[in-house]
Amino acid sequence: MRFTVAIDGPAAAGKGTIGRAVAGHFGFGHLDTGLLYRAVGARMLAGEKAEDAARDLTPEHLANPDELRTAEVAQAASRVAVIPEVRAYLLDFQRAFAHRVGGAVLDGRDIGTVICPRAEVKLFVTASAEVRAKRRMDELQGRGQAADFDTVLADVKARDARDAERATAPMVAAEDALVLDTSDLSIEEAVAAAIAAVEARRAG
Ligand code: C5P
């Protein structure tokens with residue numbers, strides 16, 4: 001059985017949490033596509049050309065995701081993500097994952113619009129910039145990284161602008177996506193809404 005759930009939206013809106021929970025509930029595989037861009041960004045920071053890093057990316061480069069989940073790597077990721085060649089090199093890996101037998105959940109910025117335009121379910125998960133900055137700050141502090149609210153908010157807004165305004169595959173809700181604003185939802189409520197959307201499509 002092939003069944004693809006595409007989850008897009010801005011940083012720290014809850015895509016990853018929802019994606020993991022939906023995948024766990026239905027026994028689907030889950031790919032956090034932001035990690036691909038983060039891995040390329042990290043290698044650019046280490047001195048490599050972004051296009052070369054994207055062309056040569058292998059699953060081993062994603063083996064230590066926590067090392068890629070820093071504010072510095074996030075900014076580098078959004079800078080390499082504007083380069084069309086980088087996006088093109090990462091396309092096949094993502095499409096192959098989306099078509100895996102047993103179902104797949106992919107979260108990112110352009111999954112429902114570019115990577116999997118025919119996904120069975122598309123969600124656009126969002127929340128106010130302030131709520132997202134607070135969540136990202138708590139997450140970074142939880143991992144022992146220094147983070148203050150104003151800096152994290154500025155980072156979140158800078159990334160939103162770069163992701164939404166780039167020419168290639170900008171972050172935008174697909175026309176047929178269900179928009180889920182998690183600003184006032186608990187994690188449980190947001191996950192339940194996403195699971196209900198998948199159930200509805202599977203039943204129909
Ligand atoms: O989701 P995450 O915050 O880890 O993504 C890091 C950056 O990677 C994003 O700000 C965005 O620029 C880029 N990205 C992208 N397309 C995706 C996933 C992530 O451009 N599908």
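So, here's what we can say about the structure. Every chain is numbered on its own, with residues counted from 1 as its sequence reads. Totals for whole chains, interfaces and linings use every residue, but because this is a predicted model, local features are given only for residues with pLDDT of at least 70 and side-chain atom pairs only at 80 or more, for both listing and counting. For side-chain calculations, the full set of non-hydrogen atoms in the structure is used, while hydrogens and water are omitted.

### Some thoughts on the packing of helix H2 (residues 34-45) against helix H6 (residues 84-98)
The condition is simple: Interaxial angle, 0 to 180 degrees, is taken between N-to-C directions of lines fitted to C-alpha atoms, where a helix line uses only the stretch in contact. For helices the rule is a DSSP run of H or I covering at least 4 residues; for strands it is a run of E covering at least 2, with both sets numbered from the N terminus onward. Note that the term roughly parallel is reserved for angles under 35 degrees, roughly antiparallel for angles over 145, roughly perpendicular for angles of 65 to 115, and oblique for everything else. Two helices cross in a left-handed way if the nearer one is turned anticlockwise from the farther one by less than a right angle. They cross in a right-handed way if the turn is clockwise. Contacts are assigned to residue pairs with any non-hydrogen atoms lying within 4.5 Å of each other. Residues are grouped as follows: nonpolar covers Ala, Val, Leu, Ile, Met, Phe, Trp, Tyr, Cys and Pro; charged covers Asp, Glu, Lys and Arg; every other residue, Gly included, is treated as polar.
For the pair H2 and H6, the least separation of the axes is 11 Å and the interaxial angle reads 135°. When the axis of H2 is compared with that of H6, the two are oblique. Regarding H2 and H6, the two cross each other, and that crossing is right-handed. Facing H2, whose interface residues are Leu 36, Tyr 37 and Val 40, H6 presents Val 86, Arg 87, Leu 90, Phe 93 and Gln 94. Tallied by class, residues from the contact of H2 with H6 come to six nonpolar, one polar and one charged.

### A look at the packing of aromatic side chains
To keep it simple, the criterion reads: Stacked, edge-to-face and tilted are the three classes for Phe, Tyr and Trp ring pairs, Trp counted by its six-membered ring, which pair at centre distances within 6.5 Å; planes under 30 degrees apart are stacked, over 60 edge-to-face, the rest tilted. Only protein chains enter the accessibility calculation, which uses a 1.4 Å probe; a residue is then buried when its area is under 20% of its type maximum, exposed when over 50%, and partly exposed in between.
Tallied over the full model, the rule gives two aromatic pairs. An angle of 35° between the planes, with centres 5.7 Å apart, marks the rings of Phe 3 and Phe 28 as tilted. Here Phe 3 is found in the segment before strand S1 (4-8), whereas its partner Phe 28 is found in the loop between helix H1 (15-26) and strand S2 (29-32), with 25 residues between them in sequence. Take Phe 3 and Phe 28: they sit in the same class, and that class is buried. Geometrically, the ring pair formed by Phe 26 and Phe 28 is stacked, given 5.5 Å between the ring centres and 25° between the ring planes.

### A few points about the site of the ligand
Spelled out, the test is: Residues are classed as near a molecule or strand on a simple rule: at least one heavy atom within 4 Å of it. Each polar contact in these results corresponds to two N or O atoms within 3.5 Å; when the atoms are within protein, one needs to be able to donate a hydrogen and the other to accept it, and residues that are neighboring in sequence are counted only if both atoms are side-chain atoms. Using a 1.4 Å probe, the Shrake-Rupley method yields the accessible areas, and only the shown protein chains count as cover for residues.
Around the ligand, 14 residues are found, and the nearest of them are Arg 38, Arg 87, Arg 159, Asp 163 and Arg 166. Here an oxygen atom of the ligand sits 2.8 Å away from a polar atom, N or O, in the side chain of Arg 87. In the model, an oxygen atom of the ligand is placed 3.0 Å from a nitrogen or oxygen of the Arg 109 side chain. When the free accessible area of the ligand is taken as 460 Å², the share hidden by the protein chains comes to 96%. Sorting the residues of the shell around the ligand by element identifies H2, helix H5 (71-80) and helix H9 (149-165) as the ones contributing at least two each. Of the residues in the shell around the ligand, the class split is three nonpolar, four polar and seven charged.

### Here's the deal with the pattern of salt bridges
We count it as follows: We count a salt bridge whenever a side-chain nitrogen from Lys or Arg sits within 4 Å of a carboxyl oxygen from Asp or Glu.
Applying the stated rule across the entire model yields 14 salt bridges. The residue Arg 136 makes a salt bridge to Glu 139 at a minimum N-O spacing of 3.3 Å. Taken as a pair, Arg 136 and Glu 139 lie in helix H8 (residues 129-142) at a separation of three residues, close to a single helical turn. Judged by its relative accessible area of 16%, Arg 136 falls in the buried class. A single network of salt bridges, built from pairs that share partners, joins Asp 32, Asp 66 and Arg 69.

### Looking at the nonpolar core
Threshold: Only buried residues count toward a nonpolar core, which is a set of Ala, Val, Leu, Ile, Met, Phe, Trp, Tyr and Cys residues joined through side-chain atoms within 4.5 Å.
In terms of nonpolar packing, the biggest core is built from 20 residues, with Val 5, Ile 18 and Val 22 touching the most fellow members. Those elements that place two or more of their residues in this core are S1, H1, strand S4 (121-126) and helix H10 (187-203). Take this core: its biggest share by element is six residues, from H10. Apart from residues no more than four positions distant in its own chain, Val 5 is found in contact with Phe 28, Ala 104, Val 105, Leu 106, Val 121 and Val 198. Judged by nonpolar contacts, the second largest core, of 18 residues, contains Tyr 37, Leu 57, Ile 83 and Leu 90.

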